[in-house]
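Okay, here's what each chain looks like letter by letter:
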Amino acid sequence: MSIELKNEHGTIDITNDVIAQVVGEAAIECYGIVGMASQHQIRDGLTEILRKENFARGVVVRNEGDAFHIDMYVIVSYGTKITEVAYQVQSKVQYTVKKTLGLAVSSVNIFVQGVRVTNV
């Protein structure tokens, strides 16, 4: 599935995998995020942290009419305030998608799949 943008020069198709890659890159730059997790924990393994090339498995992009929604599955760092980390990820993702792809995001839903102790 992809998003089609039309302008005076023609059309642009942006696939959900590209959006997921942009979203995943923005999310892991946020303080308190250890990594992206798979949305299918039982099938993919409970402890798996996704690498860059697999961010699409931890991000779901949905189009409902004109609304554009993103669901993200993340692993946060132990000792951080989860609500603040989630808020920062939501803000960063909305800003990055608007700046990079020119798309307005209706909602960014964060699903915390785990907490990890990180070496500081």
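Residues numbered from 1 in each chain as written. Predicted model: local features only at pLDDT ≥ 70, side-chain atom pairs only at ≥ 80, totals over all residues. Heavy atoms only, no water.

## Here we look at the side chain of aspartate 71
Stated formally: Put simply, DSSP marks the helices as runs of H or I at least four residues long and the strands as runs of E at least two long, and each gets a number from the N terminus on. Polar contacts, as used here, are pairs of N or O atoms within 3.5 Å; protein pairs need one atom able to donate a hydrogen and one able to accept it. Residues neighboring in sequence count only if both atoms are side-chain atoms. For this analysis, residues touch if any pair of their heavy atoms sits within 4.5 Å.
Its place among the elements puts aspartate 71 in strand S6 (residues 67–77). Within the structure, aspartate 71 has its side chain in polar contact with the side chain of asparagine 109 (distance 2.8 Å). If we ignore the near neighbours within four places in the chain, the residues touching aspartate 71 are Gly58, Val59, Val60, Arg62, Asn109 and Phe111.

## Re the environment of tyrosine 78
Within the secondary structure, tyrosine 78 sits in the loop between S6 and helix H3 (82–101). In sequence terms tyrosine 78 and isoleucine 33 are 45 residues apart; their C-alpha atoms lie 9.6 Å from each other. Those residues in contact with tyrosine 78, other than ones at most four positions away along the chain, are Val115, Arg116 and Val117.

## Observations concerning H3
The condition is simple: One less than the residue count of a helix, multiplied by 1.5 Å, gives the span that helix is expected to have. To sort residues, take the accessible area from a 1.4 Å probe on protein chains only and compare it with the maximum for the residue type: under 20% means buried, over 50% means exposed, and anything in between is partly exposed. What the arc describes is the spread of directions from the helix axis to the C-beta atoms.
With 20 residues, H3 extends 27 Å between its outermost C-alpha atoms, agreeing within 8% with the 28 Å of an ideal straight helix rising 1.5 Å per residue. Along H3, the positions that sit buried rather than exposed are Val85, Ala86, Val89, Val93, Thr96, Val97 and Leu101. The buried residues of H3 occupy an angular sector of 105 degrees when the element is viewed end-on, so they sit on one face. Turned more than 90 degrees off the buried face of H3, the exposed positions are Thr83, Tyr95 and Lys99. Positive backbone phi, approximately 75 degrees, marks glycine 102, located one or two places after H3.

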